[in-house]
Amino acid sequence: MADEVADVVIIGAGAAGAAVAWSLAETRMRIVCLEQGGWMDPSEYPTNHQNWEMLGLGPFGFSPNTRARPADYPVNDDDSPIKISNFNAVGGSTILYAAHFPRLHPSDFRVKALDGVADDWPLDYATLEPFYDQNAEMMGVAGLSGDPAYPPKEPTLPPVPLGRLGDTLARGFERLGWHVWPSDSAIATAEHAGRAPCINLGPCVTGCAQGAKGSTDVTYWPAAVRAGVEVRTHCRVREITVGGDGLADGVVYFDAEGNEQRQRAEMVIVACNGVGTPRLLLNSASARFPDGLANRSGRVGRNLMFHPYALVTGWFPERLEGYKGPTGCSLISQEFYETDPSRGFVRGYSFEMLRGDGPVRTAIQGAAGRVPWGSAHHDAFAERFDRNAGMVIICEDLPEEHNTVTLDPELVDGHGIPAPRIHYRLGENSRRMLEHAVARGKEVLHAAGAIETEALSPLPPAGWHLMGTARMGTDPERSVVDAHGRSHDVKNLFIVDGSIFVTSGGVNPTNTIQALALYVADHIKRNLGNLFD
Ligand SMILES: Cc1cc2nc3c(=O)[nH]c(=O)nc-3n(C[C@H](O)[C@H](O)[C@H](O)COP(=O)(O)OP(=O)(O)OC[C@H]3O[C@@H](n4cnc5c(N)ncnc54)[C@H](O)[C@@H]3O)c2cc1C
Ligand code: SF4
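The rules behind the values
- Residues numbered from 1 in each chain as written.
- Chains lettered and ligands numbered in written order.
- Predicted model: local features only at pLDDT ≥ 70, side-chain atom pairs only at ≥ 80, totals over all residues.
- Heavy atoms only, no water.
- Axes fitted to C-alpha atoms, helices over the stretch in contact; angles between N-to-C directions.
- Helix = DSSP H or I, 4+ residues; strand = E, 2+ residues; numbered from the N terminus.
- Parallel < 35°, antiparallel > 145°, perpendicular 65-115°, else oblique.
- Contact = heavy atoms within 4.5 Å.
- Patch = residues over 30% accessible without salt bridge, like charges linked within 9 Å, V, L, I, M, F, W, Y side chains within 5 Å.
- Areas by Shrake-Rupley, 256 points an atom, 1.4 Å probe, with all protein chains shown as cover.
- Salt bridge = Lys/Arg side-chain N within 4 Å of Asp/Glu carboxyl O.
- Phe/Tyr/Trp six-rings, centres within 6.5 Å; stacked < 30°, edge-to-face > 60°.
- Buried < 20%, exposed > 50% of the residue type's maximum accessible area, 1.4 Å probe, protein only.
- Pairing = 2+ DSSP bridges.
- Right-handed = clockwise from strand over helix to strand, strands pointing away.
- Core = buried A, V, L, I, M, F, W, Y, C linked by side-chain atoms within 4.5 Å.
- Near = heavy atom within 4 Å.
- Nonpolar A, V, L, I, M, F, W, Y, C, P; charged D, E, K, R; others polar.
- Polar contact = N/O pair within 3.5 Å; in protein donor to acceptor, adjacent residues only side chain to side chain.

Participant: Could you give an account of the packing of helix H6 (residues 163-176) against helix H11 (residues 428-447), with specific residues and numbers?
Facilitator: At their nearest, the axes of H6 and H11 sit 7 Å apart, and the two run at 105 degrees to each other. When the axes of H6 and H11 are compared, the pair comes out roughly perpendicular. Residues Leu169, Gly172, Phe173, Arg175 and Leu176 of H6 touch H11, and the partners they reach there are Glu443, Val444, Leu445 and Ala447.

Participant: Let's hear about a nonpolar patch on the surface: which residues, and what values?
Facilitator: Among the surface-exposed residues, Met54, Leu57 and Ile364 lie close enough to one another that they form a single nonpolar patch of about 270 Å² accessible area. In this fold, isoleucine 364 is placed in helix H9 (residues 359-364).

Participant: For the packing of aromatic side chains, give the residues involved together with the corresponding values.
Facilitator: Scanning the entire structure with this criterion turns up 19 aromatic pairs. Relative to tyrosine 519, the ring of phenylalanine 131 lies with its centre 5.9 Å away and its plane at 70 degrees, an arrangement referred to as edge-to-face. Placement of phenylalanine 131 in helix H5 (residues 125-139) and of tyrosine 519 in helix H12 (residues 510-526) is noted, with a sequence separation of 388 residues between them. In terms of burial, phenylalanine 131 and tyrosine 519 fall into one category: buried.

Participant: Residue-level account of the pairing of strand S1 (residues 5-11), with values.
Facilitator: Sheet faces and side chains relate simply in a regular strand, where the side chains alternate between the two faces. Within S1, five of the seven residues are buried, which leaves it mostly tucked inside the rest of the structure. In terms of strand pairing, S1 meets strand S8 (residues 260-270) through six bridges, oriented parallel. If you follow valine 8 over to S8, its bridge partner there is methionine 267. For the handedness criterion, the β-α-β arrangement of S1, helix H1 (residues 15-25) and strand S2 (residues 31-34) is classed as right-handed.

Participant: Could you give me a rundown of the nonpolar core, with the residues and numbers involved?
Facilitator: Of all hydrophobic cores here, the largest spans 97 residues; its most connected members are Trp221, Ile240 and Ile269. The element contributing the most residues to this core is H12, with nine residues. Beyond its immediate chain neighbours, meaning those up to four positions away, isoleucine 240 contacts Ile11, Ala248, Gly250, Val251, Val268, Val270, Leu280, Leu281, Ser284, Leu293 and Leu493. Residues Tyr73, Leu304, Val405 and Leu445 belong to the second largest nonpolar core, which totals 40 residues.

Participant: Before we move on, can you summarise the site of ligand 2 with the specific residues and values?
Facilitator: Ile187, Cys198, Ile199, Asn200, Leu201, Gly202, Cys204, Cys208, Gln210, Lys213, Gly325 and Pro326 make up every residue found near ligand 2. Residue composition of the shell around ligand 2, grouped by class: seven nonpolar, four polar and one charged.

Participant: Go over the sheet that holds strand S10 (residues 331-333), please, and point to the residues and values.
Facilitator: The strand order S4-S10-S11-S12-S9-S15 describes an open sheet built from six strands, whose pairing is antiparallel. At either margin of the open sheet sits one strand with a lone partner, and together these are strand S4 (181-182) and strand S15 (452-456). Across five bridges, strand S9 (residues 309-315) lies against S15 in antiparallel orientation. Within S15, the residue paired with tryptophan 315 across the bridge is glutamate 452.

Participant: Could you give me a rundown of unusual backbone geometry, with the residues and numbers involved?
Facilitator: Residue proline 458 follows serine 457 across a cis peptide bond; omega there is -10 degrees. Topologically, proline 458 is positioned in the loop between S15 and strand S16 (493-495). With phi around 45 degrees, alanine 68 is a residue other than glycine that occupies positive phi space. With respect to the helices and strands, the residue alanine 68 is situated in the loop between helix H3 (64-67) and strand S3 (76-79). For alanine 68, a relative accessible area of 53% puts it in the exposed group. Even without being a glycine, glutamate 321 presents a positive backbone phi close to 55 degrees. With relative accessibility at 27%, the residue glutamate 321 sits in the partly exposed group.

Participant: Lay out the sheet that holds strand S13 (residues 404-412) with the relevant residues and their values.
Facilitator: Read across the open sheet, the three strands follow the order S3-S14-S13; overall the sheet is mixed. Looking at the sheet topology across the chains shown, the edges are occupied by S3 and S13. When strand polarity is set aside, the average angle formed by the axes of neighbouring strands in this sheet is 40 degrees. Alignment of S13 against strand S14 (residues 418-423), held across five bridges, turns out to be antiparallel. Bridged to valine 412 within S14 is proline 418. Contacting S13 and S14, helix H8 (residues 273-283) crosses the sheet at an angle of about 65 degrees to S13.

Participant: Requested: an account of the site of ligand 1, with residues and values cited.
Facilitator: The environment of ligand 1 is made up of 36 residues, and the closest members are Ala16, Glu35, Ser93, His100 and Thr510. At a separation of 3.2 Å, an oxygen atom of ligand 1 approaches a polar backbone atom of alanine 99. One nitrogen or oxygen atom from the main chain of histidine 100 is found 2.9 Å from a nitrogen atom belonging to ligand 1. The protein chains hide 97% of the 1,000 Å² of surface that ligand 1 would expose on its own. Looking at the shell around ligand 1, the elements that each hand over two or more residues are H1, strand S6 (236-242) and H12. Here the shell around ligand 1 is built from residues that sort into 19 nonpolar, 14 polar and three charged.

Participant: If you had to explain the pattern of salt bridges to someone new, which residues and values would you point to?
Facilitator: Close approach of charged atoms allows side chains of opposite charge to pair. Counted according to the given criterion, the structure contains 28 salt bridges. For glutamate 230, the salt bridge identified is with arginine 30, shortest N-O distance 3.6 Å. Placement of the pair is glutamate 230 in strand S5 (residues 230-232) and arginine 30 in the loop between H1 and S2, with a sequence separation of 200 residues. The closest approach of N and O atoms between aspartate 184 and lysine 153, which form a salt bridge, is 2.9 Å. Of this pair, aspartate 184 sits in the loop between S4 and helix H7 (220-226) while lysine 153 sits in the loop between H5 and H6, and the two are 31 residues apart along the sequence. Among the residues examined, lysine 153 registers a relative accessible area of 13% and is labelled buried.

In short, geometric facts, not functional conclusions.
Okay, here's the thing in structure tokens:
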């Protein structure tokens, strides 16, 4: 099989790889997806086990460095206040994600024109709109139409119930007269496309055993596989190779037994995420591309954007039933999303409400002095458990060339392949935005009835939105791919993950990552006859 030439090789079976594979499957081309992880067994997810909170801190933890499963590769993030979070399997990081599913705003595509910062995208909201709609159908998006923060859009499923905690927080926003709306969530609140409905098992961020959360192993992949796409698991790609004509001609990878294999291909699509993609391109340096594949612009690995996060928590006098329901999906506020120069920064942020903590997390917060260890522990625990609620704040991060993914000179993965190294500094605009946001977050929690508040800013493990490291653009000197995700330098090489984002917006990126993947696939399908002319 591997000796045959595939029409398309897709590297990475996460959010983007799944969407592009499903969309291209209708062409009947021979499509092979190489994924370094395996299919997940939902019975292994922590919520099936009594020690679910501990498992969520260990084998289902967010950091590939501490989780260290065979599918993981290490990431040197010592030189960044924000640490990398991901998951490596069929489904990629959507196995762990919270399934918040907002779209970018129309203004996000035009920040240079509107605010004089960064760059405009080479496409706009209207261009992506049909692909957002298509993605909503495939991922199953719960929500409520009529959100004044957006152009009209129709959710596929009824919204996630707010519960007592959501009602409490909504009151705070209403008292202040601030925007708040049930958030769009890729969660099946009713049976959808063979997926069972959410039964409020929570927490979603260690994997959904019910199959209600829209991770791509239960959304796109079953449909793509039925349509003929081959997913080859436990296969880690070391490099993309280039022929004498300057076109990508395949990949070299290690199979499940650790043997080196070659897969030849007519077209290569990279979907390894904002860290895995630049790592692979840099590892694919050759005589023709000495600085890394598709890197004539020098932009591969530059302009790394996270969303600087803050966590603001309030303590309430009453119990909130915060352990019920999807981890992060109830309400979103975009009161401070668009630029207001009087605030001292450009662009803005979203508030996303969180549920409360489980018992172990409540007890662990004893380390911060609220629930002390020792004889007073049980009384303090009883006073605190199920009385906290809060929000994360997602700040727009501006692209800065000095924030980078490079190759670590020493660190390697289990196959000896150089690992990525992160260098990231929080920009001045982000600092000011975080300061503003934390103060407003505390204000709204007090308005909702909190008697105490606290904040963690920036939130260290929040390197889960990985963007910008192979940016789109019309200028080959300043960007890696064109307006259709195609490398400026290698005409049969496409990139479809968050690394092609030009700017980050102030919302979770996965809906946009997938809409872009569908848009790129649509362009490929429309131009199959003359794609490489
Ligand atoms: C804890 C957590 C919570 C999150 N919550 C949200 C949320 O609520 N909303 C939201 O929008 N986003 C959220 N995210 C982010 C979201 O998961 C990512 O934006 C999304 O999954 C990125 O899609 P992707 O396809 O680019 O990459 P991924 O989904 O990360 O997939 C990349 C895949 O490529 C594979 N791969 C990489 N390198 C190689 C190689 N060399 N060879 C073979 N395979 C390779 C990996 O194994 C992986 O499976 C969260 C992430 C985490 C970790
Ligand atoms: S709350 Fe719903 S979506 Fe989240 S893990 Fe439980 S069943 Fe799945």
